[in-house]
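# Chain and residue survey
Here is what each chain is made of, one letter per residue.
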Amino acid sequence: MRLLGLKTFRHGVHPPESKDETSGLSIRQFPFAPLLIVPLVQHMGAPSIPVVEEGQEVERGQRIGRPDGFMSVSMHAPASGLVRRVALAPSISGRMVPAVYLEPFPGSTQEIEDGTPCPLEATKDEIIAAIQDAGVVGLGGAAFPTHVKLKIPDGKFVDTLIINGVECEPFLTTDHRVMLEESRDIFTGIRYLLKVTGAERVIVAVEANKPDAAEHLREAFPSDLNGSVEVLQVKYPQGAEKMLFSALLGREVPSRGLPLDIHALCCNVATAAQIGQLLPRGRGIQERVITVTGPAVKRKGNYRIPIGTPLRFLLEHVGVADDVNRVFLGGPMMGAAAPSLEISITKGTSGVTAFTDTAAERTHSPVYPCIRCGYCVDACPIFLDPSMLGRLAASEQFSTMADEHHLMDCFECGSCSFVCPSHIPLVQRFRGAKAAVRKSKAGAA
Amino acid sequence: MVDDSLWTIFINASLVNNFVLAYFLGICPFLGVSAKLETASRMGGAVTFVMLVSSICAFGIQTLLVAIDAPYLKLIAFIAVIASTVQLVEMFIKKVSPALFRSLGIFLPLITTNCAILGLALFQTNKGYSFVQCIVYALGAGAGFTLALVLMAGLREKLELAEVPDVTRGTAMALMIAGLLSVTFMGFGGLGG
Amino acid sequence: MASSKSSTDEFIKGLWNENPVFVQVLGMCPVLAVSNTAMNALAMGLATAFVLIMSNIVVSSLRSFIPKQVRIATYFLIIATFVTVVDYVIQAVSLDLYKALGAFISLIVVNCLLLGRAEAFASKNTIARSTMDGLGMGIGFAFALFCLGAVREILGNGSLFGASLFHDSFENWVVMILPSGGFFTLAGWLLLFNWLKQRRAKREATTALGLRKEVA
Amino acid sequence: MSHSELATAPTPAPPSVWHMYRAMVGVGVFCGLLIVSVFQVTLPLIERNKAEALQKAIFQVLPNASTSTTFSFDVDGGFKLLEGDDVGQPLVYAGYDDAEQLVGLAVEAQGMGYQDVIALIYGYSFAEQAIIGIQVLESKETPGLGDKIETDPDFLENFQSLDVSVRGDGSALANSVVPVKHGEKTEPWEVDGITGATISSVAIANLLDRSAQYWVPRIRNNLRNFQGED
Amino acid sequence: MANGGKTLEIRTSPHILSGYSVDTIMFNVVLALLPVAGFAVFAFGLAGLLTLSMAVASCVLTEHLICRAAGKPSTVGDWSVTITGLLYGLTLPPSLPLWMVAAGGVICVALGKALFGGLGYNTFNPALVGRAVLQAAFPVAMTSWIPGFAAGRFSSVPSSTLTLPFTSPEYDAITSATPLALWKFGREATATSDLAMGFISGSAGETSSVLILVGGVYLIARNMMSWRIPASIFATVFVFSGALHLVDPTRYASPIFMLFSGGLMLGATFMATDMVGSPMTSRGCYLYGALIGVVTIVIRTWGGLPEGVMYAILLGNAVTPHLDRWTRPTIYGAKGKEAPT
Ligand SMILES: Cc1cc2nc3c(=O)[nH]c(=O)nc-3n(C[C@H](O)[C@H](O)[C@H](O)COP(=O)(O)O)c2cc1C
Ligand SMILES: Cc1cc2nc3c(=O)[nH]c(=O)nc-3n(C[C@H](O)[C@H](O)[C@H](O)COP(=O)(O)O)c2cc1C
Ligand SMILES: Cc1cc2nc3c(=O)[nH]c(=O)nc-3n(C[C@H](O)[C@H](O)[C@H](O)COP(=O)(O)O)c2cc1C
Ligand SMILES: Cc1cc2nc3c(=O)[nH]c(=O)nc-3n(C[C@H](O)[C@H](O)[C@H](O)CO)c2cc1C
Ligand code: SF4
Ligand code: SF4
Ligand code: SF4
Ligand code: SF4
Ligand code: FES
């Protein structure tokens, strides 16, 4: 679909972008914390199995966890140091998860040992194994193990690979910086991805608010690659893969289906960059680029932060206002509120945003009854009826929501809650409803 | 014989003097079967159908009663003939189209003892309509009944999710909506005149 | 349950606790249609009550004579007969009243209250009990109709039983006589009943609580 | 329930067909007797009531009449004194004064009003060639508004003498009866409307026009039918 | 560190809001209505002022008292009942006895809104519920109009305004017909300029089409009102009455006259757009507008009443649940083949 010259999808919302303060700041290396806590589950799927013991010394880049089955990836040491403990640690979900407590040696260098490289000439299966071994998960937010996505089942095929550099979430500028500073890695990664998926062409999607990135990628686009850089309208959630498919390909992923059903596949730019960076050197992920920003942050910026850095250390290092009261991992639209400062940075963390009371936009606004204004209906990119779903949720008619109103198709983008003038916590209700439906399904099965 | 045009008869029976909202006929099914749209529309279809059948029956009976000069049998004859005809039709539909029977069937026995049906028979006789006029009258009344029922069902389904105060919940609320619908239909006054 | 009740109880229940209109919401069509004046309402109520009592008596006296398979048909026959009787009697008494009540006299036949009482009560009880039930339900029905008719006539016409209540310049609330007024008035009565019921329930709950507290 | 239980359960005696017939016929006879006797008793009363009501209405619209006779109309044969087998034919009522002179005819007419059909009876005077009175028989017009057609003195004054004279050739009315806005009546064939009940009052004018267009020429062409010269 | 002992607030995403809020939307509607109300006062003088004040006061007070009686906090602060009162007042004849105005205000809020659960749960437009019931209750008073811009309108009120409660109003000999009644019962068309500027008699708020449009454009520009509904109503009315007018200009009024006369402007702009009673999908809004337009013209042209906007909108409210259901869009991904499960 095309409006005013630029491609986009139907519906969606326009939250304030708030990216100006960090989009011009280049990526800076972040120091090691005195204690890194590396959770062994940073992705969807099974936790990795620890391969180190308490008291063991590890090298930066050394494997500390091995995959537990196909839906799992390797973990690598973000720093050279001493394994203090292998024990439970708090996580963003509030649950305790197994983790490796790693105490970096003082003065530990940022140097990394190379492992066995996986060249572009390797077979598909070798590359997929290498990606799993490098611990690559989707850096676009969902942290889905990338090698699982790339394993195309027999009889299926992919014709288009989409590299997602949209970054529609307000405040975040990591993908923007990665596109500007790591384009070589991105294109190397793309070559690996094209090879594995067998796709004929690649489209790099960028939102119109990052013209410099689009320009840079166009210039750097290798002439032998079949593909293009497409600039999309600025609209949330343009970065969701479903919205990219409809905007760029005019195809819709079938309800409850997979991108494969429409012969497309989507990877985040940072994921592509990581693949392009790690595979030729045989390394694993030890760090990632994260935007640290928000009104409460003093030294905002885009930092390359070691995985496992505790939130408290991170915020102390950049400095935050005294009255900070809300910290989100991710941006304000989809990010999760940090329950405490004791949790640590994981591969899925694309940003840390901190707000103070005064700057908080979601103030203690009164919740009104739904006035049927239809703003949410006009916002929902999945064409659901959030107003009806919200009212059904309030009276706990979860099965009606799922059976008649497509509850399970909601991908929790939050557009509906964002626009609702009655301040009804719609997405929150939908999450609860989905959990209830899943539970009753599991109970019935 | 009345010289009302068929169009006037239809508009009058369906909108201006809607059987439910202006004549108060068929209030029980209107209140009882209007909570869900699905049942409401099927009920509307079934009522329209039975109205048509009974209108034809009533026309025949009236002609017969006039011929044999036995007006005092009118009521009993209407009731008996309409009830048994509906029964026959029900059996017929069951044989011929089980699918149609499943969607209309359960309502048929209920409807026979409903005052909208008998009312239609009595009114058309009082008005002295011809055969064709009777049929149009029955269709109009059925359409009006269905319209009222379906509108009501939509509103009640919508209000099911509302935080209605306890005192209003139930029949009282249904009656209030019916009253408001009735006020709304007053706008059609004078149409078709 | 029923057997432990006296005939007086059967009578009382129809008036109040199981009032056919306000509590059971039965026979709504005549209730709404002919309650635009107190006179019409009362006449209709009494006509219905008469048919109800008579059919209850006949049904209960014939209850061993009528086989199950044909009972509904016979009930209808009996009810239709008494309605025809009432219809002719009213015509003979007053043509004006007959005109005001219109087809609704005939429509008593299909009033679910009648078939309901015949089936649910008279076919299982003695003549005495059924008579009392018919009386209670019938008078309860007439009472409810009168409640509606009175409100509608007073507001809609400024009169009761045709006698003017206010001075001449009273502005009639025409809506009350119109169909929508019927719906609104009945809704109003039901609201009142709901409210009373709730208040009583609340009061009982609090006294029960109080008792429990005292015990404790 | 298992089979053995079914077998041991007492089965109710199958109702004999005779019982059913007995019940139906018995009740039927009882009901029939009741209805017929009530009908017989009330019939004269009802007929008298109806006749009285009709008489009253006829004399209301034909103030000078003291007796009336009912005629039926046959398109081919003209007007005839009403006999038993004329059911279904339209009726008109001729009114005679004390001297047994024909003063006029009362005719029933109906038409759509604001809410429903308005039925009325009007009196036609030969002498004046005019409608000299109306009486509404049936109307569901809004109380206090549309029902002014029955009560509003200004409106009823229209029908003290509403011109319905026929054209020279006797084929139609010389002037149609037309409704006009309240206070704008200038011609004797105009009906002065009621403010606030325009539709009802216009409906009366229109239904009178339609009825008079049909009846008045026919009545005048068959005048002798009413004077016993047939 | 800074946040030492403090607890963080945990809410689920999204953590920012668009900034729209029910009370700000409602307040802006009140603002958009003020010029219309001001013109009504200018045109009808003291009578207009008293009618509007009484309408707003009775609505607001009823809502407040009902909330109190139900033991809930008063919801007067969300401004919605002020809109109800203003719009209700604007639809009344300015000479209506004040006691009737007050009675209708109670009906608006009690029957139209509170008994269904209050804001957001009413199925019919509360202001129109009040007006429709009042019209059925007092049909004569509700169709007695005074001309606007009468001399001395700021120093005296029509005798009917101050009628004692529950008594019939007496009218001075100054009642006059509205443009629609003039057309319907006399085929007299009123000049378009008079219609647009409001030099006519009619309800307090139906006199100034221009100010109504200005208010509507303001709200649409701020995304506080659906443009689809008024656009669809205007288009339908224009096309339908235009076609009739082409067939027989002496019998059917011109489309411009139809657009600018009676309550159409006010109804289409401020009342049909009440979100609570109108559809949520865009296709639903078009159909809803078309229905209102058609019913309005049908009633005006062939019905018994000179004006039908109110009944058309109420009917639209009644049909809304069905429109919402029929026009529910196909969800993303449901058009393609069924997903493998
Ligand atoms: C509401 C929503 C918004 C999203 N926005 C973005 C985005 O702006 N950029 C992005 O790379 N991925 C975004 N995603 C995730 C993509 O849908 C997709 O999972 C991702 O691009 C796949 O790449 P990855 O597996 O390499 O992370 C979003 C997902 C959702 C549900
Ligand atoms: C159980 C499961 C299996 C999946 N299998 C595949 C797959 O075979 N191919 C694929 O491209 N993506 C697969 N996905 C990934 C999703 O399509 C999607 O890319 C991922 O959930 C991240 O998207 P998001 O960031 O937009 O939420 C799978 C996801 C789940 C939960
Ligand atoms: C509830 C209600 C009932 C009405 N009943 C009638 C009626 O019975 N007869 C009638 O002619 N007009 C009736 N009307 C319509 C108007 O009063 C009348 O047509 C309109 O105001 C014409 O005004 P005018 O006669 O002053 O020109 C009714 C209107 C309403 C709202
Ligand atoms: C654009 C708009 C139009 C409105 N129109 C009305 C109206 O016509 N009548 C009314 O009572 N309230 C109106 N309201 C206010 C509010 O929605 C109304 O009181 C609700 O119906 C109460 O539940 C309107 C509000 C908005 C935002
Ligand atoms: S919503 Fe998630 S995936 Fe999209 S830009 Fe934000 S962090 Fe990236
Ligand atoms: S959170 Fe769900 S319902 Fe709300 S807009 Fe997004 S997809 Fe639609
Ligand atoms: S945005 Fe909020 S108030 Fe508006 S319809 Fe949706 S849920 Fe209701
Ligand atoms: S049995 Fe029939 S008449 Fe009685 S309440 Fe039910 S639907 Fe109404
Ligand atoms: S009394 Fe029950 S449908 Fe009329």
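The present account deals with the structure reproduced in this document. (Residues numbered from 1 in each chain as written. Chains lettered and ligands numbered in written order. Predicted model: local features only at pLDDT ≥ 70, side-chain atom pairs only at ≥ 80, totals over all residues. Heavy atoms only, no water.)

## As for the overall build of chain B
Scanning chain B for helices and strands turns up nine helices and zero strands. Listed N to C, the secondary structure of chain B is α-α-α-α-α-α-α-α-α in terms of helices and strands. Against the compact-globule benchmark of 16 Å for 193 residues, chain B has a radius of gyration of 17 Å, which places it among compact chains. With respect to the principal axes defined by its C-alpha atoms, chain B has extents near 60 × 45 × 25 Å. Across the 193 residues that make up chain B, the buried fraction comes to 64%. Total accessible area on chain B stands at roughly 6900 Å², and carbon and sulfur atoms take up 69% of it. With 10 positive and 9 negative side-chain charges, chain B shows a separation of 7 Å between the mean positions of the two kinds. (Helix = DSSP H or I, 4+ residues; strand = E, 2+ residues; numbered from the N terminus. Rg over C-alpha atoms; globule rule 2.2 N^0.38 Å. Buried < 20%, exposed > 50% of the residue type's maximum accessible area, 1.4 Å probe, protein only. Areas by Shrake-Rupley, 256 points an atom, 1.4 Å probe, with all protein chains shown as cover. Lys, Arg positive; Asp, Glu negative; His and termini not counted. Charge placed at Lys NZ, Arg CZ, Asp CG, Glu CD.)

## Quick word on the overall build of chain E
Along the backbone of chain E there are twelve helices and zero strands. Secondary structure of chain E in N-to-C order comes out as α-α-α-α-α-α-α-α-α-α-α-α. Expected size for 341 residues packed as a compact globule is a radius of gyration near 20 Å; at 22 Å, chain E falls within 12% of this value. For chain E, the spread of C-alpha atoms along the principal axes amounts to about 80 × 50 × 35 Å. Here chain E, with 341 residues, has 60% of them falling under the buried criterion. Considering only residue pairs separated by 6 or more positions, chain E has 76% of its internal contacts joining residues 24 or more positions apart. Only carbon and sulfur atoms are counted for the fraction: they give 69% of the accessible area of chain E, which is about 12100 Å². Computed over 18 positive and 14 negative side-chain charges, the inter-centroid distance for chain E is 10 Å. (Contact = heavy atoms within 4.5 Å.)

## Quick notes on a negative patch on the surface
All names here are of chain A. Where like charges cluster on the molecular surface, the negative patch consists of Glu57, Glu59, Glu111 and Glu113. Relative to the elements of secondary structure, Glu111 occurs in the loop between β10 (96–104) and α2 (124–133). Owing to a relative accessible area of 62%, Glu111 belongs among the exposed residues under this scheme. (Patch = residues over 30% accessible without salt bridge, like charges linked within 9 Å, V, L, I, M, F, W, Y side chains within 5 Å. Salt bridge = Lys/Arg side-chain N within 4 Å of Asp/Glu carboxyl O.)

## Quick word on the site of ligand 4
Residues and elements named next belong to chain E. Surveying the vicinity of ligand 4 reveals 21 residues, the closest of which are Thr84, Asn122, Asn125, Phe270 and Asp274. Interatomic distance of 2.8 Å between a side-chain N/O atom of Thr84 and an oxygen atom of ligand 4. Contact with the protein chains covers 100% of the free accessible surface of ligand 4, which is 540 Å². Mapped onto the shell around ligand 4, the elements with two or more residues apiece are α1 (22–69), α2 (80–90), α4 (126–137) and α10 (264–271). Here the shell around ligand 4 gets four residues from one element, more than from any other, and that element is α2. Of the residues assigned to the shell around ligand 4, the class counts are 13 nonpolar, six polar and two charged. (Near = heavy atom within 4 Å. Polar contact = N/O pair within 3.5 Å; in protein donor to acceptor, adjacent residues only side chain to side chain. Nonpolar A, V, L, I, M, F, W, Y, C, P; charged D, E, K, R; others polar.)

## Some thoughts on the pairing of strand β7 (residues 63–66) of chain A
Residues and elements named next belong to chain A. Of the pairings in the sheet, the one linking strand β5 (residues 49–50) to β7 comprises two bridges and is antiparallel in character. The residue bridging Ile49 from the neighbouring strand is Arg66, located in β7. In this structure, β7 lies alongside strand β8 (residues 75–76), joined through two bridges in antiparallel fashion. Across the sheet, Arg63 pairs through a bridge with His76, a residue of β8. (Pairing = 2+ DSSP bridges.)

## With respect to the side chain of Asp185(A)
All names here are of chain A. Looking at the element boundaries, Asp185 is found in helix α5 (residues 183–197). Put simply, Asp185 is tucked away with no salt bridge, and the nearest opposite charge, on Arg281, sits 4.9 Å away. Setting aside anything within four residues of it in sequence, one finds Asp185 in contact with Ala272, Ala273, Gly276 and Gln277.

## What about the environment of Ser93(A)?
Residue and element names in this part refer to chain A. Summarising the element assignment, Ser93 is placed in the loop between β9 (81–90) and β10. Using a relative accessible area of 46% as the deciding quantity, one classes Ser93 as partly exposed. Sequence-wise, Ser93 and Ser255 are 162 residues apart; in three dimensions their C-alpha atoms are separated by 27 Å. A polar contact is formed between the side chain of Ser93 and the side chain of Ser91, at a distance of 3.0 Å. A distance of 3.3 Å separates a polar side-chain atom of Ser93 from the backbone nitrogen of Arg95.

## Describing the sheet that holds strand β3 (residues 28–29) of chain A
Residues and elements named next belong to chain A. Pairing is mixed in the open sheet, where six strands are placed in the order β3-β16-β15-β19-β17-β18. The sheet is open, and its two borders are formed by β3 and β18 (336–337), each paired with just one other strand. Examined bridge by bridge, strand β15 (residues 287–293) and strand β19 (residues 351–356) share three bridges and lie parallel to one another. Its bridge partner being in β19, Thr293 is matched across the sheet by Thr353.

## Focus: unusual backbone geometry
The omega torsion of the bond from Tyr236(A) to Pro237(A) falls at -5°, within 30 degrees of zero and hence cis. For Pro237(A), the position within the fold is in the loop between β13 (227–232) and α7 (241–249). Backbone torsion omega between Ser13(E) and Pro14(E) reads -5°, so that peptide bond is classified as cis. Looking at where Pro14(E) falls in the secondary structure, it is placed in the segment before α1. Backbone geometry places Glu396(A), a non-glycine residue, at a positive phi of 60°. Inspection of the secondary structure puts Glu396(A) in the loop between α11 (386–394) and α12 (398–405). For Glu412(A), which is not glycine, the phi dihedral falls at a positive 60°. Looking at the secondary structure, you find Glu412(A) in the loop between α12 and α13 (415–419).

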